[in-house]
Amino acid sequence: MASPSNTAPEASGGTLRLILGDQLDPQHSWFARVEAGVVYVLMEVRQETDHVLHHAQKILAIFAAMREFARELVAAGHRVCYLSLDDPDNLHSITGNLQALMQRFGAARVQWQEADEWRVQRQLEQWARRHGGAVQSVASEHFLSTRGEVAAFFGDREHWVMEGFYRAMRRRHRVLLDARGQPEGQRWNFDHDNRKPWRGVPAAAPDWRPRHDHAALWAMVRRCGVGSFGDPAAQALCWPLNRAEALAGLEAFVAGALPHFGSYEDAMSSRSERLFHSLLSFALNTKMLRPLEVARRVEAAYRSGEAPLAAAEGFIRQIIGWREYIRGVYWAQMPGYERVNALRHELPLPNWFWTGEVRMRCLRLAIGQSLRTAHAHHIQRLMVIGNFALLAGIAPHALHRWYLGVYIDAFEWVELPNTVGMSQWADGGRVATKPYVSSAAYLQRMSDYCAGCPYDPRQRLGQRACPFNALYWDFFARHRARFEGNARLRVVYLQLDRFAASEIDAVRERAAEVRARIETL
Ligand SMILES: Cc1cc2nc3c(=O)[nH]c(=O)nc-3n(C[C@H](O)[C@H](O)[C@H](O)COP(=O)(O)OP(=O)(O)OC[C@H]3O[C@@H](n4cnc5c(N)ncnc54)[C@H](O)[C@@H]3O)c2cc1C
Ligand code: SF4
């Protein structure tokens, strides 16, 4: 596939407008009219492909979507300069390329939409400072809250409990409110209705996604020597590459999965990787879809009787609650958030994170799926992979780099607070008031993973005992000083205190053995 470009020389003095790979929003006000003096710039740069090792599908999907976006701009009459990865003029640095393009086009101004990653934002700000007023940033027009809003909302509170912020967002944007401005159904939160395991009924939602052939693009990426991991699936890239496909995905989700989203939000199954999740995160994070339009579509589905309130509320909470909140946490904590390690966990990432070859069936399925499809749903990320990493004591920074590389939707502003904050408690509890950990009992209740696993979920000790069990109790014994006073963990410590000293010793011995043998689990 050729990279799209439409850059006939123009009189100098015009404007370059930078579009990053996660800024593919055709509804942005930039595109409301064609401006002769404006050249839109998109670039495939090694700076971005190489800052962590990425899943092959993620590289492909972003480049393919950027090319598609550039083609649409050209078709709409806009002027576009597209630097492909193999373009000999490509300097592979965002600001290096902008500098060179300013000269090439004789541009007087550069405009860029605020970047969502702190690293890129800082790079652009530093470069802009050198150019004075000629380089300006504009809003991305994507989010429902400002970068600083979450921090302002919570102030100096120790724990930033998402629920209050979510309610404020519902009120402000008038989502799922009744005529008196009260929450629809007289409740803000239907979480307690949403915790069912899935046993095969109702049938899981079909996979609506389009299939794209990107063998030629993949060959180019390989030729350029970009490192990657995971299955490129070059014959069947299945992520939406433009807004039309993303909107079709939203409609398919509403029709086929939303009605059951809430009930089975926390379920896991070896028979369905997707269950009733939306698979919309790539389209949202590359800005093909806007969060408010997604929330409004789901609200409309509830109002027209297409989906029950608990399902609609559960989904809307993810979009206008969690997603906005997580972004606010990111901007409040950066820079430095990527280095937090409150529990001083230092174990390296086991090699099977890169191969999926681990006998623990839950991890084998969740990591195997991640490597094959560049996606796993929230509970797999949190309660299988993250749960194990936290209990075992894996270094949060190493885990963060893995999550950032592997998932199709992973951009640092959303991945980092989820990984080091929500999942690893590495920020000392800002995001999670208690660690998201469980023994095998939870995994057995919420999934069918344990059937067919060589480990026994009911045993705590011995070679066949599920590693989660000893690791779980060892974790709370090890971190007693930190967690004993936490009211939400009172029951855990009451249970632990019933263990005989010899039982605690045996559990800790088994946990040490699990850690020592981590590569061969
Ligand atoms: C350790 C860990 C790492 C994660 N990394 C990412 C990431 O890099 N990028 C990412 O978009 N999400 C991340 N999440 C959140 C969540 O797992 C994904 O958004 C979700 O699995 C995407 O699949 P989906 O679109 O089918 O989601 P659905 O289950 O259908 O949810 C709908 C939408 O809600 C939003 N959402 C749900 N939960 C969260 C959350 N905790 N934070 C932010 N948005 C949320 C997403 O936009 C998602 O598309 C992470 C979660 C954990 C526990
Ligand atoms: S027994 Fe343990 S390791 Fe095996 S699937 Fe269940 S929770 Fe996972």
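Only a predicted model underlies this, so the values are computations on that prediction, with no experimental measurement involved.

**Structural notes on the site of ligand 1**
Here's step 1: Residues in contact with ligand 1 amount to 28 residues; listed here are only the nearest, His277, Ser278, Leu279, Asn285 and Asn418.
Here's step 2: Leu279 places a main-chain nitrogen or oxygen 2.7 Å from an oxygen atom of ligand 1.
Here's step 3: Between Asn418 and ligand 1, the recorded distance is 2.9 Å, taken from a side-chain N or O atom to a nitrogen atom.
Here's step 4: Taken by itself ligand 1 offers 820 Å² of open surface, and the protein chains cover 99% of this.
Here's step 5: At the level of elements, α10 (281-285), α12 (309-333), α14 (378-392) and α16 (412-423) are the ones that each hand at least two residues to the shell around ligand 1.
Here's step 6: No other element matches the 6 residues that α16 contributes to the shell around ligand 1.
Here's step 7: A class-by-class count of the residues in the shell around ligand 1 yields 13 nonpolar, 11 polar and 4 charged.
Here's step 8: Taken domain by domain, the shell around ligand 1 gets at least three of its residues from each of domain 2 (148-333) and domain 3 (351-517).

**Quick look at the packing of aromatic side chains**
Here's step 1: Under the defined criterion, the tally for this structure stands at 33 aromatic pairs.
Here's step 2: Centroid distance Phe388 to Phe468: 5.9 Å. Interplanar angle 85°. Geometry classified as edge-to-face. In this pair, Phe388 sits in helix α14 while Phe468 sits in helix α18 (residues 467-478), placing the two residues 80 residues apart along the sequence. Here Phe388 and Phe468 have matching classes, each one buried.
Here's step 3: The rings of Trp425, Tyr472, Trp473, Phe475, Phe476, Phe483, Tyr493 and Phe499 are connected pair by pair, giving a single aromatic cluster.
Here's step 4: When the ring centre of Trp239 is taken as reference, the NZ or CZ atom of Arg209 above it lies at 4.6 Å.

**A word on unusual backbone geometry**
Here's step 1: With an omega dihedral of -5°, the bond running from Val201 to Pro202 counts as a cis peptide bond.
Here's step 2: Considering the arrangement of structural elements, one finds Pro202 in the loop between α6 (162-173) and α7 (215-223).
Here's step 3: A positive phi is found at Glu141, a non-glycine position, where the angle reads about 65°.
Here's step 4: Relative to the helices and strands, Glu141 is located in the loop between β6 (135-138) and α5 (149-154).

Cut-offs used in this document
- Residues numbered from 1 in each chain as written.
- Chains lettered and ligands numbered in written order.
- Predicted model: local features only at pLDDT ≥ 70, side-chain atom pairs only at ≥ 80, totals over all residues.
- Heavy atoms only, no water.
- Near = heavy atom within 4 Å.
- Polar contact = N/O pair within 3.5 Å; in protein donor to acceptor, adjacent residues only side chain to side chain.
- Areas by Shrake-Rupley, 256 points an atom, 1.4 Å probe, with all protein chains shown as cover.
- Helix = DSSP H or I, 4+ residues; strand = E, 2+ residues; numbered from the N terminus.
- Nonpolar A, V, L, I, M, F, W, Y, C, P; charged D, E, K, R; others polar.
- Domains from an automatic or database assignment.
- Phe/Tyr/Trp six-rings, centres within 6.5 Å; stacked < 30°, edge-to-face > 60°.
- Buried < 20%, exposed > 50% of the residue type's maximum accessible area, 1.4 Å probe, protein only.
- Lys NZ or Arg CZ within 6 Å of the ring centre and 35° of its normal.

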